[in-house]
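Overview (structure and organization)
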Amino acid sequence: MTEEAQQDLFGADEPPRIELAEGFFLLKAFVDTAPLLAQVQQVAAAAAFRHMQVGGGKQMSVAMTNCGPWGWTSSTAGYRYSATDPQTGRPWPAMPARFMDLAQKAASAAGFPGFEPDACLINRYAKGASLGLHQDRDERDLGQPIVSVSIGAEAVFQLGGLKRSEPLRQLPLRDGDVLVWGGPSRLRFHGVKALKPLPGGPDTRHNLTFRKAQ
Ligand code: MD6
Ligand code: FE
């Protein structure tokens, strides 16, 4: 079925839900992001955005912070989930109720009811920032889906297969778009191309990635 035909199965009052691969859903314009951005700023006031280090000592071009019980962190020692912010020693800020509600609604809309995320990674992309091809595999239960929310400037998401060498699909993600993926797509390789803000549009993109880490 074509993407257009699939969209037609949903009522005009419902945002389109596009299944791009088995277990991989794009919910177009699913959420009004203005209130989300305000809460991102609140989280960042308590746990500042920072450019984490990766193995080899390089710094990521994407700035990150977290909210919720568990936060994803990277250092020269590797990746892990931590209950405290290594920069302050304090627990990560609580996950706003609006974030939890959104993550659960999106997961349900994509056929994953009962999602209980305990981690929300917040990514911030300025002009030129990119995220290399990777798999999300640091979570304990890979049976749980991931919900990912795009805020602000449009970015090109690269969706690969289960092997790094498989071809990549280029997926433009706009403000308010939500990706939900799980099941047979849970370990797909993916990345984000260098941000190129459009003239007259927002110059920054934020992304919320909800996971059940523990
Ligand atoms: C981003 N997202 O969109 C980065 N990972 O800025 C991710 O790496 C990601 O969107 C797993 C599932 C969904 C995602
Ligand atoms: Fe990822």
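Scroll up a little and you will see the structure.
Everything quoted here is computed from the prediction, not taken from an experiment. (Residues numbered from 1 in each chain as written. Chains lettered and ligands numbered in written order. Predicted model: local features only at pLDDT ≥ 70, side-chain atom pairs only at ≥ 80, totals over all residues. Heavy atoms only, no water.)

On to the overall build of the chain. Each helix and strand in the chain was counted, giving three helices and 13 strands. Relative to a compact globule of 214 residues, whose C-alpha radius of gyration would be 17 Å, the chain shows 16 Å and is just as compact. Principal-axis analysis of the C-alpha atoms places the extent of the chain at approximately 50 × 40 × 40 Å. Scored against the burial criterion, the 214 residues of the chain give a buried share of 48%. The contacts of the chain with a sequence gap of at least 6 include a subset with a gap of at least 24, amounting to 70%. Summing over all exposed atoms, the chain offers an accessible surface of approximately 10300 Å²; the carbon and sulfur share of this is 52%. Charge-centre separation for the chain: the mean point of 23 positive side chains lies 9 Å from the mean point of 21 negative side chains. (Helix = DSSP H or I, 4+ residues; strand = E, 2+ residues; numbered from the N terminus. Rg over C-alpha atoms; globule rule 2.2 N^0.38 Å. Buried < 20%, exposed > 50% of the residue type's maximum accessible area, 1.4 Å probe, protein only. Contact = heavy atoms within 4.5 Å. Areas by Shrake-Rupley, 256 points an atom, 1.4 Å probe, with all protein chains shown as cover. Lys, Arg positive; Asp, Glu negative; His and termini not counted. Charge placed at Lys NZ, Arg CZ, Asp CG, Glu CD.)

Spatially, the seven strands line up as an open sheet ordered 1-2-11-8-13-6-3, and their pairing is antiparallel. Edge positions in the open sheet fall to strand 1 (17–21) and strand 3 (63–67), since each of these has one partner strand only. Taking the axes of each pair of neighbouring strands and ignoring which way they run, one obtains an average angle of 20 degrees across the sheet. Where strand 3 and strand 6 (residues 119–125) come together, five bridges link them in antiparallel fashion. Its bridge partner being in strand 6, Ala-63 is matched across the sheet by Arg-124. Relative to strand 13 (residues 205–211), helix 2 (residues 34–46) is tilted by about 80 degrees, and along the sheet it contacts strand 3, strand 6, strand 8 (146–152) and strand 13. Set on the sheet, helix 3 (residues 97–109) makes contact with strand 1, strand 2 (24–27), strand 3, strand 6, strand 8, strand 11 (178–181) and strand 13; between it and strand 8 the angle comes to about 120 degrees. (Pairing = 2+ DSSP bridges. Axes fitted to C-alpha atoms, helices over the stretch in contact; angles between N-to-C directions.)

Despite not being glycine, Ala-29 has its phi angle at roughly 45 degrees, a positive value. On the secondary structure map, Ala-29 appears in the loop between strand 2 and helix 2. The exposure class assigned to Ala-29 is exposed, which follows from its relative accessible area of 57%.

Right, let's talk about the coordination of the iron ion (ligand 2) for a bit. For the iron ion (ligand 2), the full set of protein donor atoms is His-134 (NE2), Asp-136 (OD) and His-190 (NE2), and the range of their distances to it is 2.1 to 2.2 Å. One chain supplies every donor to the iron ion (ligand 2), and in sequence these donors are spaced H-x1-D-x53-H. Here Asp-136, found in the loop between strand 7 (131–134) and strand 8, pairs with His-190, found in strand 12 (residues 190–192); they are 54 residues apart in sequence, far enough to count as distant. With respect to burial, Asp-136 and His-190 carry one shared label: buried. (Donors = N, O, S within 2.8 Å, 3.2 Å for Na, K, Ca; no water.)

Turning our attention to the side chain of Gln-135. Residue position: Gln-135 is located in the loop between strand 7 and strand 8. Using a relative accessible area of 19% as the deciding quantity, one classes Gln-135 as buried. Within the structure, Gln-135 has its side chain in polar contact with the side chain of Arg-137 (distance 2.9 Å). Engagement of the side chain of Gln-135 in a polar contact is seen with the backbone oxygen of Leu-187, the distance being 2.9 Å. Excluding its chain neighbours within four sequence positions, the residues that come into contact with Gln-135 are Leu-162, Leu-187, Arg-188, Phe-189 and His-190. (Polar contact = N/O pair within 3.5 Å; in protein donor to acceptor, adjacent residues only side chain to side chain.)

As a structural note, the neighbourhood of ligand 1 is formed by 13 residues, with Tyr-125, Ser-148, Trp-181, His-190 and Arg-205 the closest of them. One of the side-chain N or O atoms of Asn-207 is found 3.2 Å from an oxygen atom in ligand 1. Bound to the protein, ligand 1 loses 99% of the 340 Å² it would expose on its own. At the level of secondary structure, the elements contributing two or more residues to the shell around ligand 1 comprise strand 6, strand 7, strand 8, strand 12 and strand 13. (Near = heavy atom within 4 Å.)

Before going further, it helps to examine the pattern of salt bridges. Under the defined criterion, the tally for this structure stands at eight salt bridges. Note that Asp-85 and Arg-50 form a salt bridge whose closest N and O atoms lie 2.8 Å from each other. Taken together, the residues span a long stretch of sequence, with Asp-85 in the loop between strand 5 (78–82) and helix 3 and Arg-50 in the loop between helix 2 and strand 3 at a distance of 35 residues. Assigned by exposure class, Asp-85 and Arg-50 land together as buried. (Salt bridge = Lys/Arg side-chain N within 4 Å of Asp/Glu carboxyl O.)

Okay, the sheet that holds strand 12 next. One open sheet holds the four strands; their spatial order is 7-12-9-10, and the pairing between them is antiparallel. Each edge of the sheet is formed by a strand with only one pairing partner; in this case those strands are strand 7 and strand 10 (169–173). The sheet shows a mean angle of 20 degrees between the axes of neighbouring strands, direction not considered.

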